[in-house]
Amino acid sequence: MKVLHVDRNHPLLIAQFAELGFQNDEDYTSSKQDIEKKIHQYDGLIIRSRFSIDSEFLNKADTLKFIGRLGAGLENIDVRHAEANGIFLAGAPEGNRNAVGEHTLGMLLSLFNNLNKADREVRSGKWDREGNRGVELEGKTVGIIGYGNMGKAFAKKLRGFDVDQVICYDIKGGVGDENARQVGIMELQNRTDVLSLHVPQTDNTIGMIDTEFINAFRNPLWLLNTARGKCLITENLVAALKSGKILGAGLDVLEYEKSSFENMFADGKLPEAFEYLIKAENVMLSPHVAGWTVESLEKLAQTIVNKVKAEFC
């Protein structure tokens, strides 16, 4: 196997591929067009998010046997075209699911206890205990949309917090487990106090969290999104925050992210809705790092090695 690596990853990936007898070539700087010119020489491609793998690229990759994507989703790959060409696709959601579960829980607890706001105030000399009175997770119903690797990891983290219940909604049936009861969308909207998104980016999920969807919830709710930014319409979220329908939001991902997940503010232009988010005290933001830990870097790489090895060795 001759493998081209176009994104930097944990060194164990190259080391273990070498042990399997693979030839590893690294190119972290060439343009997509330059990579296209030589991709026909390779059996494998390792990528994170540097550029999209579209049908034009795949048509030139006529010897490619596998693509390893160091991340949870495959939305930057034309999956249908790749599978039609017999290319094995190895994603790695198992590698960063624990990190996502911990980050999601951390955002929720920080929002409930005003930790970011309180920290800023104390640093500036303000000591306001009543203004930072928190709420407790105990007794709340947590609803999860998307109950795959990430949703299950978050539900597992909620054990021990004495929540009233954890419920989940997924387009696949039979995914509920001891940590979450699977329900229909109407029950989810009738019972949920805290809503956490863990869906992939697909044609069906882009823009799914809009005003109509939000208003269908019976109770005011807290919203967490550590999945994909384009699943939520930011202007509709801001309207719901202003009205009180959404009590607070924790967003690790944003609608405005570029496909590479890098340099979102490079052009210096900030949408009006995002300007509101960065000033809102009941909103917590992070730069798409929910699955971005020291440990997950290694786990992601090991997951890809294991999957490629199981398929070809």
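Our structure is the block above this text.
The following refers to the structure shown. Throughout this document, residue positions are counted from 1 along each chain, in the order its sequence is written. Side-chain atom pairs in this predicted model are given and counted only at pLDDT of 80 or more, local residue features only at pLDDT of at least 70, and totals for whole chains, interfaces and linings cover all residues. Think of the side-chain values as coming from all heavy atoms in the structure, minus any hydrogens and water.

### What about a positive patch on the surface?
A cluster of like positive charges, contributed by R97, K156, R159 and K299, occupies part of the molecular surface. Numbering goes from the N terminus for both helices and strands, where a helix is a DSSP run of H or I of at least four residues and a strand is a run of E of at least two. Its place among the elements puts K156 in helix α7 (residues 149-157). Patches draw on residues past 30% relative accessible area with no salt bridge. Two like charges within 9 Å are joined, as are two nonpolar side chains (Val, Leu, Ile, Met, Phe, Trp, Tyr) within 5 Å. Accessibility throughout is a Shrake-Rupley quantity obtained with a 1.4 Å probe, and a residue counts as covered only by protein chains that appear here. Take a side-chain nitrogen of Lys or Arg and a carboxyl oxygen of Asp or Glu: if they are within 4 Å of each other, that pair is a salt bridge. Positive residues here are Lys and Arg, negative ones are Asp and Glu, while His and the chain termini are left out of the count. Working definition for charges: the position is that of NZ of Lys, CZ of Arg, CG of Asp or CD of Glu.

### What about the packing of helix α5 (residues 93-112) against helix α12 (residues 294-312)?
Between N-to-C directions, angles cover 0 to 180 degrees, with each direction set by a line fitted to C-alpha atoms, over the stretch in contact for helices. Contact geometry for α5 and α12: axes closest at 7 Å, N-to-C directions at 155°. The angle between α5 and α12 falls in the class roughly antiparallel. In this structure, α5 crosses over α12, and the sense of that crossing is right-handed. Between α5, through P93, E94, G95, N96, N98 and A99, and α12, the contact on the second element is made entirely by S296, K299, L300, T303 and K307. Within the contact of α5 with α12, the residues separate by chemical class into three nonpolar, five polar and three charged. Convention used here: angles under 35 degrees read as roughly parallel, angles over 145 as roughly antiparallel, angles from 65 to 115 as roughly perpendicular, and any remaining angle as oblique. In this scheme, a crossing is called left-handed if the near helix is turned counterclockwise away from the far one by less than a right angle; it is called right-handed if the turn is clockwise. Only heavy atoms matter for contacts: two residues are in contact if any of them lie within 4.5 Å across the pair. Side-chain classes are defined by residue name, with Ala, Val, Leu, Ile, Met, Phe, Trp, Tyr, Cys and Pro counting as nonpolar, Asp, Glu, Lys and Arg as charged, and the others, Gly among them, as polar.

### Some thoughts on the nonpolar core
The biggest cluster of nonpolar side chains holds 30 residues, and the ones touching the most others in it are I145, L195, I209, L223, L237, I246 and L277. Here the element with the most residues in this core is helix α10 (residues 234-243); it accounts for four residues. Residues in contact with L223, not counting those within four places in the same chain, are L195, L197, I209, L232, L237, I246, G248, A249 and G250. In terms of nonpolar packing, the next biggest core, distinct from the first, is built from 21 residues, L105, V142, V163 and V194 among them. By nonpolar core we mean a set of buried residues, namely Ala, Val, Leu, Ile, Met, Phe, Trp, Tyr and Cys, connected to one another through side-chain atoms within 4.5 Å. We call a residue buried when its accessible area falls under 20% of the maximum for its residue type, exposed when it is over 50%, and partly exposed in between, using a 1.4 Å probe and counting protein chains only.

### Some words on the environment of M186
Along the chain, the position of M186 falls in helix α8 (residues 185-191). A C-alpha to C-alpha distance of 11 Å links M186 and C168, two positions 18 residues apart in sequence.

### A word on the sheet that holds strand β7 (residues 165-169)
DSSP-based pairing: two strands are paired if at least 2 bridges between them are found. The strand order across the open sheet built from seven strands is β8-β7-β6-β9-β10-β11-β12, with neighbouring strands paired in parallel fashion. The open sheet has two edge strands, β8 (181-182) and β12 (283-285), and neither has a second partner. Note: strand β10 (residues 221-225) against strand β11 (residues 246-251), five bridges, orientation parallel. The partner of L223 across the bridge, within β11, is A249. Strands β6 (141-145), β7, β9 (194-197) and β10 of the sheet are contacted by α7, whose axis makes an angle of about 165° with β6.

### Focus on a nonpolar patch on the surface
On the surface, a cluster of nonpolar side chains totalling about 220 Å² of accessible area is made up of L270, I278 and L285. Structurally, the position occupied by L285 is in strand β12.

### Quick word on the pattern of salt bridges
Inspection of the entire model under this criterion finds 15 salt bridges. Salt-bridge contacts for E121 lead to K126; the nearest nitrogen and oxygen are separated by 3.9 Å. What makes E121 buried here is its relative accessible area of 10%. What makes K126 partly exposed here is its relative accessible area of 43%. Linking E130 and R133 is a salt bridge whose minimum nitrogen-to-oxygen distance equals 2.8 Å. Here the two residues E130 and R133 agree in accessibility, since each one is exposed. One network of salt bridges, in which partners are shared, links E36, E56 and K60.

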